[in-house]
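So the chains spell out like this:
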Amino acid sequence: MVSQSLLDDLVAAMPQIRLQMYFKSSLTALSHAMEDQVLANQDAPLVIASFQRERFYRQEAHRYLRISEQSDQVYVLAAPEAEFCHASGQYETIAFLPQDALAQEWHLVVLGQTSAGCIVCREVKPDEQKPPELHEDQSRRFEGLWTFNRQIVFKVAELLLQRIVQYRPELAAKARAGLSSRQSQTPPTDPDPFAERLVTYLQVGQYKLDKAYRQMATIQAEAYANLKEHHQQLEALDRTRSNLIAITGHELRTPLSTIQVCLESLATDPAIDPMRQVMVQTALADAERMRKLIQDFLTLSRLESGRVAWDPEPQSLVDALDLAMGSLRTRYGVALPKIRSNLKVDLPPVMVDAEWLVEVLTKLLDNACKFTTPQGRITINSQPGDRPQTLEVIIADTGRGIEADRLETVFERFHQEEGALRRSTGGTGLGLAICRQVIAAWGGTIWATSKGKNKGSQFHFTLPVDDRKLAPSGSNE
Ligand code: ADP
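Residues numbered from 1 in each chain as written. Predicted model: local features only at pLDDT ≥ 70, side-chain atom pairs only at ≥ 80, totals over all residues. Heavy atoms only, no water.

### Looking at the overall build of the protein
On a plain count of helices and strands, the protein comes out with 10 helices and 15 strands. Relative to the compact-globule value of 23 Å for 477 residues, the protein shows a C-alpha radius of gyration of 42 Å, a clear excess of over 25%. With the C-alpha coordinates of the protein rotated into their principal frame, the extents come out at 130 × 50 × 40 Å. Taking contacts inside the protein between residues at least 6 apart in sequence as the whole, the part at least 24 apart equals 73%. A total of about 27,300 Å² of accessible surface is found on the protein, and carbon and sulfur atoms cover 56% of it. Across the protein, the mean location of the 53 positive side-chain charges is 3 Å away from that of the 60 negative side-chain charges. (Helix = DSSP H or I, 4+ residues; strand = E, 2+ residues; numbered from the N terminus. Rg over C-alpha atoms; globule rule 2.2 N^0.38 Å. Contact = heavy atoms within 4.5 Å. Areas by Shrake-Rupley, 256 points an atom, 1.4 Å probe, with all protein chains shown as cover. Lys, Arg positive; Asp, Glu negative; His and termini not counted. Charge placed at Lys NZ, Arg CZ, Asp CG, Glu CD.)

Structure below.
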């Protein structure tokens, strides 16, 4: 009983037919215009409508009741969902099986003495890969044809009636009579009224679409307003945070300086007994750690809130490295790993702020020393950067190394591998976050590489190179 596509049957019977694509909205407008045309004429046409499902038919049932007042040759087909069944009421209903190819198709035939028209279409299933469209239902697509060509209309009517008789053989005689009485070829009626109706339906469709778009625009505007409000709240929060950091920073710094001065004077007191001396030294070390934390805290807050005035100038990388090494040596004394610089003296100058470059180098070297045993090695190298006019600097150590999944998180504020409470080395957890801010301010990038735990780490960063050539080394400039 289950039959194949009616559209295929038609194309097989009339190969000259050209198919076209239609949106559901166009087919709805066309169908309504054709049905209205029937209602407006005195003609008693043969009308066959095939709906994909009962629910689509339900929306139009009232029209078919009216059409059936005009003609006794009205056939409605649909895949049943609730009540739809084979019946001979005011018009004939044919409930085809849901797995019938008709369930994918949309047909309408109007064959009168003077008018003729048909729609024969098959739904084109949407691409599963594509995201669903906003006006999904209206943009469903159908392939097929819509025509006034009487010969084609007649063929479609014939094919559909065959399907009907397959399901309801008792209708064979009625169907034959309906078709044969409309075989005659009379001149077509004036197409203008049909065109007017069609335009009306298309206009209605467009109004609906416009309304939907207007609603969408309102929703968009509301979403934007909410977003803006959120943004303002975030900005206010950020300002509060910056103020809080600045105020607490300054408030802490002053008393801390006093504490440090007092402790230092105690430490140099020759009368102090060795036990107390140890206590004072511990207190001094902790005070120093606190001072560094406050300093880094303030530095990062200045960098993040954009309160640093940048003024890059051509600088020598080698000189900056010398300064950084100097401060490191005074701090660590002899317990340093071996540090070797492979920087060439004739490197082009880098366009940076000198004191910030020293700060970055000091922080990276400080980390390298902290996480490498005195038996290890630290090497400083440079090479041209990936982008033109940039230099890549690499500070490599043979120390503790970094696990692959931590290479990025180490740049987050307060990130410390051991956690703040189990820390064996001093540190604030802000150093790398500061370095990233500084490097980014000059348009560069900073990243870490490591082969893993205990396999050493490499910190790479890029710096802009001065466009002008460096004065030849040895000149007095
Ligand atoms: P800290 O003050 O703790 O050094 P940083 O921001 O400078 O803060 O570094 C964050 C974390 O990154 C460190 O606590 C450490 O876990 C890891 N790290 C930084 N440099 C190295 C390095 N050279 N070798 C191994 N781990 C490192």
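The discussion continues.
### Concerning the packing of helix α2 (residues 24–40) against helix α6 (residues 192–267)
Contact geometry for α2 and α6: axes closest at 8 Å, N-to-C directions at 135°. On the basis of their axis angle, the class for α2 and α6 is oblique. The hand of the α2/α6 crossing is right-handed. Here Ala-29, Leu-30, His-32, Ala-33, Met-34, Asp-36, Gln-37 and Ala-40 of α2 come into contact with α6, specifically with Pro-193, Phe-194, Arg-197, Leu-198, Tyr-201 and Leu-202. Tallied by class, residues from the contact of α2 with α6 come to 10 nonpolar, two polar and two charged. (Axes fitted to C-alpha atoms, helices over the stretch in contact; angles between N-to-C directions. Parallel < 35°, antiparallel > 145°, perpendicular 65-115°, else oblique. Left-handed = near helix turned anticlockwise from the far one by under 90°. Nonpolar A, V, L, I, M, F, W, Y, C, P; charged D, E, K, R; others polar.)

### A word on the domain arrangement of the protein
Annotation of the protein at the domain level lists domain 1 (6–191), domain 2 (221–305) and domain 3 (313–464). Each of domain 2 and domain 3 has a C-alpha centre, and these two points are 23 Å apart. With both chains or domains summed, domain 2 and domain 3 bury close to 1,100 Å², and 64% of this area falls on carbon and sulfur atoms. One salt bridge in this structure joins Lys-363 and Asp-296, with 3.1 Å as the shortest N-O distance. Remark: the boundary between domain 2 and domain 3 carries two residue pairs in polar contact (both at pLDDT 80 or more). In terms of residue count, helix α7 (residues 274–304) provides more of the side of domain 2 that touches domain 3 than any other element does, 10 residues in total. When the residues that make up the side of domain 2 that touches domain 3 are grouped by side-chain class, the tally is four nonpolar, one polar and six charged. (Domains from an automatic or database assignment. Buried area = accessible area lost by both parts, 1.4 Å probe. Salt bridge = Lys/Arg side-chain N within 4 Å of Asp/Glu carboxyl O. Polar contact = N/O pair within 3.5 Å; in protein donor to acceptor, adjacent residues only side chain to side chain.)

### Side note on the pattern of salt bridges
Throughout the structure, instances matching the rule amount to 22 salt bridges. Glu-60 is the partner of Arg-63 in a salt bridge, and the nearest nitrogen-oxygen pair spans 3.4 Å. Residue Arg-63 and its partner Glu-60 are both found in helix α3 (residues 54–70); the two are separated by three residues, about one turn of the helix. According to the relative accessible area criterion, Glu-60 is buried, its value standing at 12%. Lys-363 is the partner of Glu-359 in a salt bridge, and the nearest nitrogen-oxygen pair spans 3.2 Å. Of this pair, Glu-359 and Lys-363 are both found in helix α9 (residues 354–370), four residues apart, which corresponds to roughly one turn of the helix. Given a relative accessible area of 24%, Glu-359 falls into the partly exposed group. Each member of the salt-bridge network shares a partner with another, and the members are Glu-35, Asp-36, Glu-60 and Arg-63. (Buried < 20%, exposed > 50% of the residue type's maximum accessible area, 1.4 Å probe, protein only.)

### Topic: helix α5 (residues 172–180)
All of the buried residues in α5 are Ala-175, Gly-178 and Leu-179. All buried residues of α5 fall inside an arc of 95° around its axis, so they share one side. Opposite the packed face of α5, turned more than 90 degrees from it, sit the exposed residues Ala-173 and Arg-176. Among the structural elements, β2 (46–50), β3 (74–78), β6 (105–111) and α4 (150–167) are those in contact with the buried residues of α5. (Arc of directions from axis to C-beta.)

### Examining the pairing of strand β8 (residues 141–147)
With four bridges joining them, strand β1 (residues 20–23) and β8 adopt antiparallel strand pairing. Counterpart to Tyr-22 in the pairing with β8 is Phe-142. (Pairing = 2+ DSSP bridges.)

### Notes on the environment of His-460
Considering the arrangement of structural elements, one finds His-460 in strand β15 (residues 457–464). Exposure remark for His-460: the relative accessible area of 11% places this residue in the buried category. Excluding its chain neighbours within four sequence positions, the residues that come into contact with His-460 are Glu-392, Val-393, Ile-394, Thr-445, Ile-446, Trp-447 and Thr-449. In terms of polar contacts, His-460 uses its side chain to reach the side chain of Glu-392, at 2.9 Å.

### Brief notes about the sheet that holds strand β13 (residues 390–397)
One open sheet holds the five strands; their spatial order is β10-β12-β13-β15-β14, and the pairing between them is mixed. The sheet terminates laterally at β10 (338–341) and β14 (446–450), the two strands that pair on one side only. The mean inter-strand angle of the sheet, taken between neighbouring strand axes irrespective of direction, is 20°. Of the strand pairs in this sheet, β13 and β15 are connected by seven bridges, and their pairing is antiparallel. Its bridge partner lying in β15, Ala-396 is registered against Gln-458. With respect to the sheet, helix α8 (residues 317–332) is in contact with β10, β12 (377–384), β13 and β15, its orientation differing from that of β10 by roughly 170°. The strands touched by α9 are β10, β12, β13, β14 and β15; relative to β15, the strand with the most contacts, the crossing angle is about 170°.

### A look at unusual backbone geometry
One can expect most non-glycine residues to show negative phi and most peptide bonds to be in trans. Notably, Gln-389 is not glycine yet its phi reads approximately 60°, a positive angle. Relative to the assigned elements, Gln-389 resides in the loop between β12 and β13. Phi is positive for Asn-454, close to 60°, though the residue is something other than glycine. The residue Asn-454 is located in the loop between β14 and β15 in this model. Accessibility expressed as a relative area gives 59% for Asn-454, which makes it exposed.

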